[in-house]
Structure formats: structure tokens, C-alpha cells
Amino acid sequence: MTDWLALEDAVTLPTYAKPPVALVRGEGTRVWDADGREYLDVYGGHCVALLGHCPPRVVEAVRRQAGRLLFYSNAVYSPVRAEAAAALVALAPDALGRVFWCNSGTEANETALKLARATTGRSRVVAFAGGFHGRTLGSLAATWGEKYHAPYASVLPETTWVPFGWEGAVEEALVGEDVAAVILEPIQSMSGITEAPPRFYQALREICDRTGTVLIFDEVQTGVGRTGAFLYGEHVGVTPDLVTLAKSLGAGVPVGAVLVSDAIAETVRPGDQGTTFGGGMLAMAAVRATLAQLVEDDLMTRAAALFERLAAGFRATGGVVEVRGRGGLVGVTLDRPAPPVRDALREAGVLVGGSGRADTLRLMPPLTMTDAEVDDFLERFAAVLA
Ligand SMILES: Cc1ncc(COP(=O)(O)O)c(C=O)c1O
């Protein structure tokens, strides 16, 4: 039998430290490896499988679209693109009335940062310690961490770093009137699921309004209903100027988007931004089906119940120090290093994620994960910790 791990290692760049698992099939919260072994996927396919793996409605929509028109770019109009954009805008706050389609989270952030610079005529960006926004140079400049920056320092745009959750530091960083944008993950995910109090987000809105600075929420992980609201800002009564989305938006088909305020949209002209594959029919069919299922199956209500069931289980488990997050974005801080626990869970047939915090696991389960699957997971989790 082919050694898939050896083949892939031999012919791809070693940019990911991967566990020794080659997945070939998925259904709902479950995935199977090439040897037929089943895993409960509480890592949710890297925060992408919002509706579970291979959600039938999305698969069927993609199949149908693939046989009709696989691709055409924004050089032409497209009914499926128009419908996907209308569905996305309908779920967003009224003030975010336009969409720019792209292909990934970093490209969405890159676009948002460009729009902010173009519309303000300013260049500096304020970003937060612990934030992650992607790997292309513009997004990378706003991503926290020397390890990401080191070889590229000379070409990265200027960023002013401030502590997450401290609006006073943002206020200070905005003195000087050369700041184009403040960009943040409303819940910092990679750094271990960190959320600030509502007044922090509200203060950012007020400071950005006062200084003419563009407020960007990177909702690549928190968006598309994952936290129990379509966008995080709904929880705290804040509408940013730009919101970036990716990951869950196509339920597994690559797609990114920027939701743009009407005020910024008015400043954009043909040629200001572009990408060949953004808004392609296959991705648009996936987005349309994903958003339809999210609403029709009331999955944003399910998100809150899912979090409560998981959190109650964790709190009753010895070895858990703290549970943080909302909906299907959960951080579990342990009384011990997390990586060996993650590996032991995999041995027990469960996939979870690590984080930038050595003691914290990250879970991004599908919102369709059933109560029985949650209980099964919690039982295996408790057994591993014991
Ligand atoms: C919050 C956040 N923003 C941006 C990105 C970059 O997205 P992509 O990997 O699709 O470029 C990620 C990826 O993990 C992310 O978590």
C-alpha cells in the first residue's frame, strides 16, 4: 500500500508540522483516514467545516454548478455571484452593503488594508499583540510575532502594536493622524481564544470615528455565525467599516470576502482591486448554499447551546483550568502542556487543535455537531486527561 505520509513529505515544502494522519473521507463531525480509522473532528477541518464535512446541500450545489459553468471571472456578470452577494449582505448590518470576493483570509485582509489606505490617504496600521491575520506581506505586517516577521522585516509596512483589550493604548497610538486602520480579531483565536469586554470594542468604534480611522474586524474565524451571531460585532453593538471573512464561508470550498461600508464603497473605482478567481461560480454556489443552511437550520442558535454543553462538560473535568470562547470557537486551558493531550486525543480517535498558548487547546467544531457527539467527545476527553 502507498505510504502517503512519505510521498507527501518527499514532494511538498515542509511548512506544516503534521500529525501522521492521511484523511480521505468526511461526513458530518467525522473523518476517516486512508487505513479506514475514524476520527471525531473537533478541530472542524481547521475552522472551515462549519456545517460538518461534506454537507449534502453544499456538495449538491457545487456538483450542479460544476456541471453548468465551472468558472468565469469578474470580467462578466453572474447570477450565482449576485445571489451569493445579496445573501451575504442581507445577513450583515445595514451599513455594510457591498462585498468584494476573493479566495482566502489573508487576501481578504490584504484587500481591507488596501481599501483603508486608499480611502484615508494614510499608511500606518494599528494592530494587537497576539493577533493573527495571515501570511502575505500586508496581512503579515499586522500579524503578531517575531517568528513570522524576521526574514521580511525590511519590506513590511509599518505597524504600531498595542495590547489587546486596552483602549487607552489605541487612543495613544492614534495620535499623529497618520493611521489608516485599526485591525483586530474580535476574539483572538490562534493566541488561545481571548475576548475583551464589550466596552473595548465600543471604545474602538468611538476612537476610529473621532479620528477618521478605518475599523477592520478580521472575522475569518469568528464570522459566518460561528459565535452565535452572524458577525461578532452584533454581540457588542459595533459595526466596523470593513469585515473580512473566509474559512467557514464556503463550508470547505475556498472563498474569502470583504464586507465594505457604503461610505468606503463609494470611493472605489474600477481597477482599484482585483483577483481572477474571486467570485468564481463554484465558490459562489458553495456560499449561497452555506448561508441558506445556516439560516434555515437556525445554526446560530445552535452555536450558543453547543458552547454551553461543551463548557459544562469541561468544567466538570479534572485538569481543566478555564474554558473561553463562544459558540463553535472554544479555548480550553489545562493544568498541563496541551500538545501531549492533543496527541493522546488523536490516539483516542479525536482531532483537536493547539494554540499559541502552550497550555491551551482550541476547538472549532461544526455547529452541526450533535449532543451525542459532544457527550462522546467529553467522555474521551475526560479519559485522556485522567
Ligand atoms: C483570524 C485569521 N485571519 C486570517 C487568516 C488567514 O486566512 P487564510 O489562511 O485563509 O489566508 C487566518 C488563518 O488562520 C485567521 O485565523
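Residues numbered from 1 in each chain as written. Predicted model: local features only at pLDDT ≥ 70, side-chain atom pairs only at ≥ 80, totals over all residues. Heavy atoms only, no water.

Draft legend 1. Here's a closer look at a nonpolar patch on the surface. Side chains of Trp 4, Leu 7 and Val 11 sit close together on the surface and give an oily, nonpolar patch of about 320 Å² of accessible area. For Trp 4, the location among the structural elements is in helix 1 (residues 4-11). (Patch = residues over 30% accessible without salt bridge, like charges linked within 9 Å, V, L, I, M, F, W, Y side chains within 5 Å. Areas by Shrake-Rupley, 256 points an atom, 1.4 Å probe, with all protein chains shown as cover. Salt bridge = Lys/Arg side-chain N within 4 Å of Asp/Glu carboxyl O. Helix = DSSP H or I, 4+ residues; strand = E, 2+ residues; numbered from the N terminus.)

Draft legend 2. Focus on the nonpolar core. Membership of the largest hydrophobic core comes to 88 residues, with the highest contact counts inside it found for Trp 101, Leu 184, Tyr 201, Leu 249, Phe 314, Phe 377 and Phe 381. The greatest single-element share of this core, amounting to nine residues, is contributed by helix 12 (residues 281-296). Not counting the four nearest positions on each side in its chain, Phe 377 is found in contact with Leu 40, Val 42, Leu 310, Phe 314, Val 350, Val 352, Leu 363 and Met 369. Leu 113, Leu 115, Ala 180 and Ala 181 belong to the second largest nonpolar core, which has 20 residues in total. (Core = buried A, V, L, I, M, F, W, Y, C linked by side-chain atoms within 4.5 Å. Buried < 20%, exposed > 50% of the residue type's maximum accessible area, 1.4 Å probe, protein only. Contact = heavy atoms within 4.5 Å.)

Draft legend 3. Region of interest: the sheet that holds strand 12 (residues 256-260). The sheet built from seven strands is open, its strands ordered 4-12-11-10-7-5-6 with mixed pairing. The open sheet terminates on both sides in strands that have one partner only, identified here as strand 4 (98-102) and strand 6 (159-162). Adjacent strand axes in the sheet meet at a mean angle of 20°, parallel and antiparallel pairs treated alike. (Pairing = 2+ DSSP bridges. Axes fitted to C-alpha atoms, helices over the stretch in contact; angles between N-to-C directions.)

Draft legend 4. Local environment of the side chain of Arg 324. Note on placement: Arg 324 falls in strand 13 (residues 320-326). You can call Arg 324 buried: its relative accessible area is 14%. Engagement of the side chain of Arg 324 in a polar contact is seen with the backbone oxygen of Ile 193, the distance being 2.9 Å. Dropping the residues within four chain positions of it, Arg 324 is found in contact with Gly 192, Ile 193, Phe 307, Leu 329, Val 330, Gly 331, Thr 333, Arg 357 and Thr 360. (Polar contact = N/O pair within 3.5 Å; in protein donor to acceptor, adjacent residues only side chain to side chain.)

Draft legend 5. How the structure looks around the packing of helix 3 (residues 56-68) against helix 12. Interhelical geometry of helix 3 versus helix 12 gives an angle of 155° and a closest axis separation of 8 Å. For the element pair helix 3 / helix 12, the angle class is roughly antiparallel. The two elements helix 3 and helix 12 meet at a crossing, and its hand is right-handed. In this structure, helix 3 contributes Arg 57, Val 58, Ala 61, Val 62, Gln 65 and Ala 66 to the contact, and helix 12 contributes Met 281, Leu 282, Ala 285, Ala 286, Ala 289, Thr 290, Ala 292, Gln 293 and Glu 296. (Parallel < 35°, antiparallel > 145°, perpendicular 65-115°, else oblique. Left-handed = near helix turned anticlockwise from the far one by under 90°.)

Draft legend 6. Spatial organisation of unusual backbone geometry. The backbone phi angle of Cys 47 is positive, close to 70°, even though this residue is not glycine. Assignment of secondary structure puts Cys 47 in helix 2 (residues 44-47). Cys 47 sits in the buried class, given a relative accessible area of 0%. Within the chain, Ala 251 stands out as a residue other than glycine whose phi angle is a positive 55°. Within the secondary structure, Ala 251 sits in the loop between strand 11 (242-245) and strand 12. Judged by relative accessible area, Ala 251 falls into the buried class, the value being 10%.

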